[in-house]
Amino acid sequence: MAEWLALARGPLFRLSFAVMVLGLARHVAVTVWGLIRAYRLSDDKNVSWRRAGRQTLDWLVPVRHLRERWFYSSMSVVFHIGVIATPVFLLAHIRLLEKSIGIEWWALPMMAADVLTLTTVAALLVLISGRAGSSAARGISRLQDYLIPALIVVPFLSGFLAAHPGLNPFPYNPTLLIHVLSADLCILLVPFTKLSHMALLPLSQLPSELAWRFPPDYPEHVATQIGTEGRAI
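Summary of the structure given here. Remember, predicted model here, so these are calculated numbers, not experimental data.

A few points about the packing of helix H5 (residues 110-133) against helix H7 (residues 144-163)
Here's step 1: Between H5 and H7, whose axes approach to 10 Å, the crossing angle comes to 155°. One finds that H5 runs roughly antiparallel with respect to H7. By crossing handedness, the relation of H5 to H7 is classed as left-handed. In this structure, H5 uses Met-110, Asp-114, Thr-117, Leu-118, Thr-120, Val-121, Leu-124, Ile-128, Arg-131 and Ala-132 to contact H7, whose residues at the interface are Asp-145, Tyr-146, Pro-149, Ala-150, Ile-152, Val-153, Phe-156, Leu-157, Phe-160 and Ala-163.
Here's step 2: Taken together, the residues that form the contact of H5 with H7 break down as 15 nonpolar, 2 polar and 3 charged.

Spelled out as structure tokens, the structure:
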């Protein structure tokens, strides 16, 4: 068991982390290159960067969007906060990163990490149930829309049990091995699944601002084409 743990914490973790970083870097590079190309090909170079930034911030802090299906939307916000903040700011993970690549930073207090872990698991279960229980959501869902959230539950729940042996009904080492291996798999899958949108979200509003805009005089051209000059549109 010790050898498997060493393998999962060492080479497998470094491989998964490298694939994630390189994969996300590729996503960002391809997206940025596409934005640059769209800007160069656009006849209208008058881009409202302020509006694009405002729309991006609106989605990063989606308070306005919580009015629609407020409970489900709130759970989505809780999940996105927890799935990033918990693994990034957990002390044990920071120590692992420090040992692997020599980088460390501030860590969450243990109590805060526990609360964030449990709320993230609860939010994930709500999101899975909400998707499965909505006929509209089921119609546009793929298999990975169920498997990825279910997979994310495994490292969160097993990590919580490993950190609290008194609450863990299973042997410690197998629980820890399941936690590390499932976490490695989640990290490895980030660039290849919808999880990558967490890195690409800041760029999500720019394509519409650069490529999906009507030219300034489009009402006149439309009116000319349909023969309605002089009418109120």
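Now that the structure has been shown, we can carry on.
Observations regarding the nonpolar core
Here is a general trend for soluble globular proteins: nonpolar side chains tend to be buried in one another's company.
Here's step 1: Counting 20 residues, the largest nonpolar core has Phe-79 and Ile-152 as its most contacted members.
Here's step 2: Sorting the residues of this core by element identifies helix H1 (2-41), helix H3 (70-89), H5, H7 and helix H8 (172-189) as the ones contributing at least two each.
Here's step 3: Broken down by element, this core gets its largest block of residues, 5 residues, from H7.
Here's step 4: Look past the residues within four positions of Ile-152 in its chain and what remains in contact with it is Phe-79, Val-83, Leu-124, Cys-186 and Leu-195.
Here's step 5: Counting residues in each nonpolar core, the second largest holds 6 residues, with Leu-5, Ala-8, Ala-162 and Leu-177 among its members.

What counts as what
- Residues numbered from 1 in each chain as written.
- Predicted model: local features only at pLDDT ≥ 70, side-chain atom pairs only at ≥ 80, totals over all residues.
- Heavy atoms only, no water.
- Axes fitted to C-alpha atoms, helices over the stretch in contact; angles between N-to-C directions.
- Helix = DSSP H or I, 4+ residues; strand = E, 2+ residues; numbered from the N terminus.
- Parallel < 35°, antiparallel > 145°, perpendicular 65-115°, else oblique.
- Left-handed = near helix turned anticlockwise from the far one by under 90°.
- Contact = heavy atoms within 4.5 Å.
- Nonpolar A, V, L, I, M, F, W, Y, C, P; charged D, E, K, R; others polar.
- Core = buried A, V, L, I, M, F, W, Y, C linked by side-chain atoms within 4.5 Å.
- Buried < 20%, exposed > 50% of the residue type's maximum accessible area, 1.4 Å probe, protein only.

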